[in-house]
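Each chain is listed here by its residues.
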Amino acid sequence: MGTRHSIIAIVDGETKLAQYGQWDGYLGGVGSEVLDFLKEAPLDKFKEQVRTLQEMTIERRKQVLIELGADPNKDKVPSEIAQEYFRKYPQMSRDMSAKILPLILDGSVKDVELDKTFPADSIFCEYAYVIDFDKNTFEAYKGFNKEPLDPSERFASLPRENETSEYYQCKLLKSFSLFDLPTSEEFLAIQKNEEEDEE
């Protein structure tokens, strides 16, 4: 199911990962995948691997496509070249989502796309998951937010693309310590609790 989302990782005050995902972004989908990964992964090693990530810039992507045989003067990339690009850099696909996390852990992914502003308009970003190694937290955020955020919220300072929209930035559902992560049942309950509070 198309449920757009972002997976974010922060270390040393810097956003090193902001992975866009197209599918299954809800708590019981990608949210649970991220949670399960964090429970299983050696977090110290994962943190160090996150620290080494670098942004795949527009210039770098263009150079890679040229190397694969694309014509830089044409807007459209031939499908066979696009397929080869995503074969070499699967992390650039909208389908990658949480599957990028073990690839970061084993060191097979270094170049990442950084879509830092996606949680700014919550009609588009339906969920966001933040792994913050500076605060040692795992945070879940919900889209479709029609209330201005408290200035203390993580995404409150992100400028909205459409200031006249009734939707604001993604809103925090719950923050958990990386050293005391919830059970699956506790994690899935946070949305139910939020919905009950809104009634």
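My aim in this report is to walk through the structure given alongside it, one point at a time. Since we're looking at a predicted model, the values are computed, not measured.

Structural notes on the environment of Gly29
Here Gly29 lies in helix H1 (residues 27-40). Exposure remark for Gly29: the relative accessible area of 12% places this residue in the buried category. Separated by 115 residues in the primary sequence, Gly29 and Phe144 place their C-alpha atoms 18 Å from one another.

Focus: the packing of aromatic side chains
The final tally for this structure, using the stated rule, is 11 aromatic pairs. Ring geometry for Tyr85 versus Phe86: centroids 5.3 Å apart, planes at 65°, classification edge-to-face. For Tyr85, a relative accessible area of 5% puts it in the buried group. One aromatic cluster is present, formed by Tyr127, Tyr129, Phe138, Phe176 and Phe187 through successive ring pairs. It is Arg160 that lies over the ring of Tyr168; its NZ or CZ is 4.1 Å from the centre.

Observations regarding the sheet that holds strand S2 (residues 14-23)
The sheet built from 5 strands is open, its strands ordered S2-S1-S5-S6-S7 with mixed pairing. A strand with exactly one partner marks an edge of an open sheet, and here the two such strands are S2 and strand S7 (171-177). Geometrically, the sheet is characterised by an average inter-axis angle of 15° between neighbouring strands, direction not taken into account. Sheet analysis places strand S6 (residues 137-142) next to S7, joined by 6 bridges and oriented antiparallel. The residue of S7 that forms the bridge with Ala140 is Lys174. Sitting on the sheet, H1 is in contact with strand S1 (2-11), S2, strand S5 (127-132), S6 and S7, with an inclination near 10° to S5. Set on the sheet, helix H2 (residues 43-51) makes contact with S1, S2 and S5; between it and S1 the angle comes to about 95°.

Parameters at a glance
- Residues numbered from 1 in each chain as written.
- Predicted model: local features only at pLDDT ≥ 70, side-chain atom pairs only at ≥ 80, totals over all residues.
- Heavy atoms only, no water.
- Helix = DSSP H or I, 4+ residues; strand = E, 2+ residues; numbered from the N terminus.
- Buried < 20%, exposed > 50% of the residue type's maximum accessible area, 1.4 Å probe, protein only.
- Phe/Tyr/Trp six-rings, centres within 6.5 Å; stacked < 30°, edge-to-face > 60°.
- Lys NZ or Arg CZ within 6 Å of the ring centre and 35° of its normal.
- Pairing = 2+ DSSP bridges.
- Axes fitted to C-alpha atoms, helices over the stretch in contact; angles between N-to-C directions.
- Contact = heavy atoms within 4.5 Å.

These values are about where atoms sit, not about what they do.
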